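So the chains spell out like this:
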Amino acid sequence: MVVLAAALAAACTAALRHASPADVALVATQWPGTTVADLERGRRLYVRRCSGCHTLILPAAHPPDDWPALVDTMAEKARLRPGERADVVRFLVAVASDEAHRPQQ
Amino acid sequence: MKRVLLAGLAVAVAASPAAASERHFTYTYESAVLSPGVRELEPWSTFRLGKSDFYSRFDSRIEAELGLTDRLQTSFYLNASTVTADSAGGRSSSTELEGISSEWKLKLSDPVADRAGSALYAELSAGPSEVELEGKLILDKRAGRLLGALNLVAEHEWAFDEPETGQETALEVDAAASWFLTPGLTAGLELRSHTVLPPGDEPTRSALFLGPTVAYARQGWWVAASVLPQVRALAGASEGHLDLQEHERVEVRVLFGLEF
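On a predicted model such as this, the values are computed, not experimentally measured, just so you know.

Q: Describe the overall build of chain A, and please don't skip the residues or the numbers.
A: The number of helices and strands found in chain A is five helices and zero strands. Each helix and strand of chain A, ordered N terminal to C terminal, gives the series α-α-α-α-α. Burial statistics for chain A: of 105 residues in total, 43% are counted as buried. Here the contacts in chain A between residues at least 6 apart in sequence split such that 66% fall between residues at least 24 apart. Summed over its atoms, the accessible surface of chain A is roughly 5,700 Å², and 60% of this surface lies on carbon and sulfur atoms.

Q: Go over the nonpolar core with me, naming the residues and quoting the values.
A: Judged by nonpolar contacts, the single largest core of 26 residues is most densely connected at Leu16, Tyr46, Leu56, Trp67, Val71, Val88 and Leu92 of chain A. Mapped by element, the contributors of at least two residues to this core are α2 (21–27), α3 (36–50), α4 (67–75) and α5 (82–101) of chain A. Sorting elements by how many residues they give to this core places α5 of chain A first, with eight residues. The contact partners of Leu56 of chain A, leaving out residues within four places of it in the chain, are Leu16, Tyr46, Val47, Cys50 and Ser51 of chain A together with Asp110, Val112 and Ala113 of chain B. Ranked by size, the runner-up nonpolar core spans eleven residues in total, among them Tyr29, Ile138, Ala217 and Trp222 of chain B.

Q: So, α4 of chain A: which residues are in play, and what are the values?
A: Structural remark: α-helix, 3.6 residues per turn; residues separated by three or four positions point the same way. Regarding α4 of chain A, the residues found buried are Trp67, Val71 and Ala75 of chain A. Mapping the buried residues of α4 of chain A onto a view down its axis gives an arc of 65 degrees, with all of them on the same face.

Q: Help me get a handle on the interface of chain A and chain B, residues and values and all.
A: On the side of chain B, 35 residues touch chain A, which itself brings 25 residues to the contact. At the boundary of chain A and chain B, one finds two salt bridges. The interface formed by chain A and chain B includes six residue pairs in polar contact (both at pLDDT 80 or more). Broken down by element, the side of chain A that touches chain B gets its largest block of residues, four residues, from α3 of chain A.

Q: Which residues make up the pattern of salt bridges, and what values do they have?
A: What the rule picks out here adds up to 22 salt bridges over all chains. For the salt bridge of Arg205 of chain B with Asp243 of chain B, the shortest nitrogen-to-oxygen distance reads 3.5 Å. One end of the pair, Arg205 of chain B, is in strand β10 (residues 205–218); the other, Asp243 of chain B, is in the loop between β11 (221–235) and β12 (250–259), and 38 residues separate them in sequence. Each member of the pair, Arg205 of chain B as well as Asp243 of chain B, carries the same accessibility label: buried. Of the charged contacts, one joins Glu239 of chain B and Arg249 of chain B as a salt bridge, the two residues approaching to 3.6 Å between their closest N and O atoms. Note that Glu239 of chain B is positioned in the loop between β11 and β12 and Arg249 of chain B in the loop between β11 and β12, a separation of ten residues in sequence. Overall, the relative accessible area of 33% leaves Glu239 of chain B in the partly exposed class. A network of salt bridges, in which partner residues are shared, links Asp38, Arg41, Asp87 and Arg90 of chain A.

Q: Talk me through unusual backbone geometry; I want residue IDs and the actual numbers.
A: Most peptide bonds adopt trans geometry, and most residues besides glycine take a negative phi value. Residues and elements named next belong to chain A. A positive phi angle, near 55 degrees, is found at Arg79, a position not held by glycine. Following the sequence through the fold, Arg79 ends up in the loop between α4 and α5. On the basis of relative accessibility, which here comes to 52%, the residue Arg79 falls in the exposed class.

About the cut-offs
- Residues numbered from 1 in each chain as written.
- Chains lettered and ligands numbered in written order.
- Predicted model: local features only at pLDDT ≥ 70, side-chain atom pairs only at ≥ 80, totals over all residues.
- Heavy atoms only, no water.
- Helix = DSSP H or I, 4+ residues; strand = E, 2+ residues; numbered from the N terminus.
- Buried < 20%, exposed > 50% of the residue type's maximum accessible area, 1.4 Å probe, protein only.
- Contact = heavy atoms within 4.5 Å.
- Areas by Shrake-Rupley, 256 points an atom, 1.4 Å probe, with all protein chains shown as cover.
- Core = buried A, V, L, I, M, F, W, Y, C linked by side-chain atoms within 4.5 Å.
- Arc of directions from axis to C-beta.
- Salt bridge = Lys/Arg side-chain N within 4 Å of Asp/Glu carboxyl O.
- Polar contact = N/O pair within 3.5 Å; in protein donor to acceptor, adjacent residues only side chain to side chain.

None of this, on its own, says anything about what the molecule does.
Next comes the structure, spelled out in structure tokens:
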């Protein structure tokens, strides 16, 4: 029990990070005018709507280009309206792009 | 070509998340709630075997869950049990409909998006012979392929069926950790500590259970199973290092979840 509690405490960092200005820059060409607030709205929707059906998948688990189609397959079930679906996709693509651009350790 | 298609299909299946709000443990709850409007049917089966004399109990519950909001879900249960036990009059078996339960679960934070997932849980059960109120604090965390969860549980029971009348309080700590072997398959260990605090001069009885747990989830359905042998009595040992007066030698629980 103590070991489990220690492991949980050690692991207690938020794995799904928040959006940053660097993420905005990564998707500025694809979606001009996007703001950090837009991406954060997508993160909030992703957490609330998608975790009801499955454990959240980290954006880096898929290439950025795969996310729009993946979200499309589940958008209806998650009751995402078109604008909300776009917010979720922008957030996932932005964070996945950032992870993809980071040098491998 | 056929081999390429099969390999592609296998990758797609392995990569796709399960579509139900699956459980990965059987006693330990996680913080997830169903999306608004999503419904799930969960048949529960719990076998409890072995006390001082011959004893077997099969608890069966049918649960219907409904997501109400992004953070709140409710459930309705039908509960039944069959007990076979030895007594002075010989071995006897009885089956009864124990009653109904109403469950409410409020998610406070997410195990992936936040530092830790958390939820509050309340369940009220009522039947011809007893009423029971149960509350839980649920904590969980997903870190990479590791999933851990911890529940602090308190329950109070009012019994009014002779000869078992009166009140009883029980405290429970459930903890579990599993490893994602694939996105849909987990395996790990589950631990359950159950303490009964009877009123008056009766001794406190407490037992620790520990055993393996596995779960598998696919689009629209999931299954989870645990086998928890009692490893030691924490209070009120009756036979060696075990408590076989209040608790059983082994508990086996199997849960199914099916969207409808």
